[in-house]
Amino acid sequence: MLRRARPETDDALAAFARPIALTRAAMALERGLRAFWPLLSFLALIFAALAFRLRDLLRPVDWSTGVGLATFLAVILFGVGLRRFRWPRRGEAVARLDATLPGRPFAALTDAMALGGGDPAARALWAAHRARMERAAAAARPLPPEPDLAPRDPFALRLTALTAVVVALIFGTPSALLEPAARPGAPGTAEAAVGPSWEGWAEPPRYTGKPGLYLNALEQDEIFLPEGTKLSFRFYGAPGSVPFDESVSSPAATPDTAATSDVQRRDLVVMQSGRLHLGGPASRTFRITMLSDAAPEITLLGTAERRADGKLSQPFHASDDYGVMKGQARITLDLARVDRRYGLATEPEPREALIYDLPLPISGSRADFTEALVEDAAKHAWANLPVKLTLEVEDGLGQAGTTGEQSLDLPGKRFFDPRAAALIEMRRDLLWSRANAQRSAEVLRAIANRPEEVFPNAEMPVTIHLVVTMLETPDLTPEARDKIADILWQLAEMLEDGGLADALAAMQQAQERLSEAIRNGASKDEIAKLMQELKEATDNYIKMLAERNQQEEQGPQFGQKQPDSQRITGDQIQQMMDAIQKLMEEGKMAEAQELLDQLARMMENLKVTQGQGGEGDMPGGQAMKDLGQTLRDQQKLSDDAFRDMQQPPGQGGQGQRADPDAQGQDGQAPGQQREGQGAQGQPDQAQNGQGQNGQGAGNQGQNLADRQRALRRELDRQKGLMPRLGGEAGDAARQRLDEAGRAMDGAEQALREGNTGQAIDRQADAIQALREGMRSLGEALAQEQGRSDRQGAQGSEGEQRFGDAMGGHGARELPRDPLGRATGEGGQIGSDRNLLNGEDVYRRARDLLDEIRRRSADRLRSADELDYLKRLLERF
């Protein structure tokens, strides 16, 4: 029988004092929240109001009333909460904690035996029971508070107060609770209602990008303002109640009282540094420092250039402390430098200066930028004549900066066809002065004397006769002169381009229509149709340009080294169009427009390549072919040396006979066939010696050395015939070929000494140097031909020429090394071309490594071969 323990027996729970105490504290917090949540919500609302500066919006009397009322409500809510609150007892905490445990171990630990205390078995059973309860009580954990406020706050007022606190912390100024109250006489916008006051604003010019200032809110008295800043003041009260004095404007501003009788205004512009004083109850004195606006600057970056399309291109750099607002280029005739002969001997008719607006950055800062003036003055009367160019920029204050006059010949389109050039000269003379009309008519009549020998079609001479008739008309008007000039220009373009200008105009029109469709959000069908029109126009233009290039190659060549020209293929143009169409289909219209603009700029300077052949006709093409042949000969020689190293002693000649292609048809090394007759006797003697078993090995070694020497001489001959190329690529090509020559010398010396393994190493160095030299030579040739796209064009051209030089003999089978691997196009031993084409690359590599290990374990092989296999294992 059990009996309940007395209070002094609660010491059995001393081991669990911590979870009991924490549970009791949680119960106290729980009861406190239930009792005081109205007070806490009220205080949270008061905090939010103060954080949003409610104090500054109330009058002192209203503020005092509000504070008293809030205090009274807080005391009432505190009293109500105190009445409801009851501090939890320890037994309550033990009971709550014990209720969460199975078997209520805390209650069991506080019990005592009522009967059977003298029975040992009963005491043992009781001890076991207490031990089990202690283990169960050890799992006790403090319980969290459970305020359960929802039933007590059905309108969720506590959540409203909490939301107000969060908003105040994010958007309010909680630090305002610690700030002192604002002075009753402090300046502000509300002063107009209580007495004399003032308000002031400083508005810098818009072009400066500086923000406006509210002078009443400034704490410091020293202000830095840009030149031209507008100061505006408003005075409230009787006129003169606020004394005002300033020394920053010139002349001093006078007050304006036209608005109302109680509000006066005064506006002024800062023109100098000075002092500004405002009197009255809210008196302030400002020290104003004016930041001067410097005049803009503009400089020319180099001289003006003529682009491939005949347009003027003049780069420049402009800067201003706040930004350039506008700029213009002025072009005037430099009459003193004009060659006054022929039609230019007449006094020119007066013409206004050419005025072009300078390009300015659309986005970004205009304070410091670099741009280029690009304009087309090809049809102007001063085209290709001496002029003076002046660039001028202006800032927001109206200050101007200029570059001064620069003398140059106004770029214009040049006509290389003699017939077109003659028509353009007559056009120039006519635009120079209408007094040249009679002379121009006589020259044009002479040009059209035998039209069948001069003009490609019958319509041109009829048009020229019409022009002559118009020129011979008395009192030629400026309108008729301009019309004749347009006709002559069109005739000259037809003679010069053969319809190419029309094809270019059609392509540009198709590009503009496609750009307009992209900007206006056209449908996919409309864009696809316009894209097809662009492709057809581009193909037509490229076709006509290619036909013209073929015609120019048969006669004198003009403009073949224009730095702005590009050499691209039709496939590259097609790839760009496919990329444009793909971007438009994906909805990336901005990227498509950017790529279309890039295509338009590229087509302006287009120069189409004429097929993939003709390498030998280009400068350095024959040198690339000869180096390719030398590289293949060096590879064959290295293979023969390796086979000779594998042969047992006494059978050295068989390795040479196993590969009949290693020599020429007449017994010569391939390199010797180009060298001449000076070294032809040695291969014959070496070949005759192959039939003698006693001297086969020695003759074979000497034959290999002789072939190596012949290749060395051939390389020297090719180096002497190479074109002199500058730049890093040209220097690298010569350096690599020199390294190849030194490696060949080392291989020859090793072959004569009988050290075949070392010879093979030196031959591998020669092959690698030859490959790198050819690659550098290809890049140097591409640079010499004026390629502008160095990242794509140079690398691909160098690799393409290198590949053509190595693989230019049709579909021949590539030689294989002793391990069965096909050698690369550059003759490098161990090409990885076929190693990476199998379905299981790693299995193939493992098989090759196992074969090398198997052969290296065969001690019957020669020492040179074992040494070579050992080096392979060390490398891989």
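1. Brief notes about the overall build of the protein
Now for step 1: Broken down by element type, the protein carries 26 helices and 21 strands.
Now for step 2: Per-residue burial for the protein yields a buried fraction of 38% across its 876 residues.
Now for step 3: The long-range share in the protein, meaning contacts at least 24 apart out of those at least 6 apart in sequence, stands at 71%.
Now for step 4: Of the roughly 48,100 Å² that the protein leaves accessible, carbon and sulfur atoms contribute 52%.

2. With respect to helix H8 (residues 418-432)
Each full turn of the α-helix corresponds to 3.6 residues, which orients residues three or four apart in the same direction.
Now for step 1: Across its 15 residues, H8 extends 21 Å between first and last C-alpha, which sits within 8% of the 21 Å expected from 1.5 Å per residue.
Now for step 2: For H8, every residue scored as buried is listed here: Ala420, Leu423, Ile424, Met426, Arg427, Asp429, Leu430, Leu431 and Trp432.

3. Some thoughts on helix H9 (residues 437-447)
Now for step 1: Taken together, the buried positions of H9 are occupied by Ala437, Ser440, Ala441, Leu444 and Ile447. One face of H9 carries all of its buried residues, which in axial projection span an arc of 120 degrees.

4. Re the sheet that holds strand S4 (residues 213-214)
Now for step 1: Spatially, four strands are ordered S4-S3-S6-S8 in an open sheet, and the strand pairing comes out antiparallel. Where the open sheet ends on each side, the last strands, each with one partner, are S4 and strand S8 (263-269).
Now for step 2: For strand S3 (residues 197-203) and strand S6 (residues 230-236), the ladder comprises seven bridges, and the chain directions are antiparallel. Within S6, the residue paired with Ala202 across the bridge is Leu231.

5. A look at the nonpolar core
Now for step 1: Judged by nonpolar contacts, the single largest core of 36 residues is most densely connected at Leu627, Leu715, Leu737, Met744, Leu770, Leu777 and Tyr868.
Now for step 2: Grouped together as the second largest cluster of nonpolar side chains are 27 residues, Ile447, Met460, Val467 and Leu471 included.

6. What to know about the sheet that holds strand S9 (residues 274-278)
Now for step 1: Within the open sheet, the four strands sit side by side as S5-S10-S9-S7. Their pairing is mixed. Of all strands in the sheet, those with a lone pairing partner are strand S5 (222-226) and strand S7 (244-246), marking the two edges. Pairs of neighbouring strands in the sheet enclose a mean axial angle of 20 degrees, with direction left out of account.
Now for step 2: Pairing of S7 with S9 involves three bridges; the strand directions are antiparallel. Bridging across to S9, Phe244 finds its partner in Leu278.

7. Regarding the packing of H8 against H9
Now for step 1: It is the contact of H8 with H9, at a shortest axis distance of 9 Å, that shows an interaxial angle of 165 degrees. Regarding the angle of H8 to H9, the classification is roughly antiparallel. The handedness of the crossing between H8 and H9 comes out as left-handed. Contact residues: H8 offers Ala422, Leu423, Met426, Asp429 and Leu430, while H9 offers Ala437, Arg439, Ser440, Val443, Leu444 and Ile447.
Now for step 2: Among the residues making up the contact of H8 with H9, the classes are represented as eight nonpolar, one polar and two charged.

8. Here we look at the packing of helix H1 (residues 17-51) against helix H7 (residues 157-171)
Now for step 1: It is at 8 Å that the axes of H1 and H7 come closest, and there the two elements cross at 30 degrees. Relative to H7, the element H1 lies roughly parallel. Every pair of crossing elements has a handedness; the one defined by H1 and H7 is left-handed. For the pair H1 and H7, the contacting residues are Trp37, Ser41, Ala44, Leu45, Phe47, Ala48 and Ala51 in the first and Leu157, Arg158, Ala161, Ala164, Val165, Ala168 and Leu169 in the second.

9. Comments concerning the environment of Asp486
Now for step 1: Mapped onto the fold, Asp486 is located in helix H12 (residues 478-497).
Now for step 2: Placed 59 residues apart in sequence, Asp486 and Arg427 show a C-alpha to C-alpha distance of 8.6 Å.

10. What to know about a nonpolar patch on the surface
Now for step 1: The grouping of Phe52, Leu159, Leu162, Val166, Val167, Leu169, Ile170 and Phe171 at the surface amounts to a nonpolar patch, some 790 Å² of accessible area in total.
Now for step 2: With respect to the helices, strands and loops of the structure, Leu159 is situated in helix H7.
Now for step 3: Looking at Leu159, the relative accessible area reads 46%, which means it is partly exposed.

11. Here's the deal with the pattern of salt bridges
Two side chains that carry opposite charge are able to pair once their charged atoms sit near each other.
Now for step 1: Scanning all chains against the criterion turns up 38 salt bridges.
Now for step 2: As a salt-bridge pair, Asp221 and Arg284 come within 3.2 Å of each other at their nearest N and O atoms. In this pair, Asp221 sits in the loop between S4 and S5 while Arg284 sits in strand S10 (residues 284-291), placing the two residues 63 residues apart along the sequence.
Now for step 3: For Asp221, a relative accessible area of 32% corresponds to the partly exposed category.
Now for step 4: Arg284 gets classed as buried once you look at its relative accessible area, which sits at 15%.
Now for step 5: Among the salt bridges present, the one from Asp429 reaches Arg428, with a minimum N-O distance of 3.0 Å.
Now for step 6: Arg428 gets classed as partly exposed once you look at its relative accessible area, which sits at 22%.
Now for step 7: Because the salt bridges share partners, they merge into one network encompassing Arg31, Arg86, Arg89 and Glu92.

12. Quick look at the pairing of strand S14 (residues 324-333)
Now for step 1: Looking at chain direction, S14 and strand S17 (residues 386-395) are connected through nine bridges and run antiparallel. Bridging from a neighbouring strand, Leu333 pairs with Val387 of S17.

13. Details of the environment of Gly66
Now for step 1: Mapped onto the elements, Gly66 comes out in helix H3 (residues 60-84).
Now for step 2: Under the relative-accessibility criterion, Gly66 is labelled partly exposed at 37%.
Now for step 3: When the C-alpha positions of Gly66 and Arg55 are compared, they lie 9.7 Å apart, and in sequence the two are eleven residues distant.

14. What to know about the pairing of strand S19 (residues 406-409)
Now for step 1: Of the two faces of S19, only the one carrying Gln406 and Leu408 is buried; Ser407 and Asp409 on the other face are not.
Now for step 2: With four bridges connecting them, S17 and S19 associate as antiparallel partners. Considered in S19, the bridge of Val387 is made with Leu408.

15. Description of unusual backbone geometry
Now for step 1: With phi around 50 degrees, Asp148 is a residue other than glycine that occupies positive phi space.
Now for step 2: On the secondary structure map, Asp148 appears in the loop between helix H6 (120-137) and H7.
Now for step 3: One non-glycine residue, Asn384, lies in positive phi territory at about 65 degrees.
Now for step 4: Mapped onto the elements of the fold, Asn384 is located in the loop between strand S16 (368-375) and S17.

16. A word on the confidence of the model for the protein
Now for step 1: When pLDDT is averaged along the protein, the result is 75; 75% of the residues meet or exceed 70.
Now for step 2: Averaged over each element, pLDDT in the protein is lowest for helix H20 (residues 681-688) (37) and highest for S17 (93).
Now for step 3: In the model, residues 183-195 has pLDDT below 50 throughout and makes twelve contacts with residues more than four positions away in sequence or in other chains.
Now for step 4: In this model residues 257-261 is a low-confidence stretch, pLDDT under 50, and it forms three contacts with partners more than four residues away in sequence or in other chains.

What counts, and at which threshold
- Residues numbered from 1 in each chain as written.
- Predicted model: local features only at pLDDT ≥ 70, side-chain atom pairs only at ≥ 80, totals over all residues.
- Heavy atoms only, no water.
- Helix = DSSP H or I, 4+ residues; strand = E, 2+ residues; numbered from the N terminus.
- Buried < 20%, exposed > 50% of the residue type's maximum accessible area, 1.4 Å probe, protein only.
- Contact = heavy atoms within 4.5 Å.
- Areas by Shrake-Rupley, 256 points an atom, 1.4 Å probe, with all protein chains shown as cover.
- Expected span 1.5 Å × (residues − 1).
- Arc of directions from axis to C-beta.
- Pairing = 2+ DSSP bridges.
- Core = buried A, V, L, I, M, F, W, Y, C linked by side-chain atoms within 4.5 Å.
- Axes fitted to C-alpha atoms, helices over the stretch in contact; angles between N-to-C directions.
- Parallel < 35°, antiparallel > 145°, perpendicular 65-115°, else oblique.
- Left-handed = near helix turned anticlockwise from the far one by under 90°.
- Nonpolar A, V, L, I, M, F, W, Y, C, P; charged D, E, K, R; others polar.
- Patch = residues over 30% accessible without salt bridge, like charges linked within 9 Å, V, L, I, M, F, W, Y side chains within 5 Å.
- Salt bridge = Lys/Arg side-chain N within 4 Å of Asp/Glu carboxyl O.
- pLDDT = per-residue confidence, 0-100.

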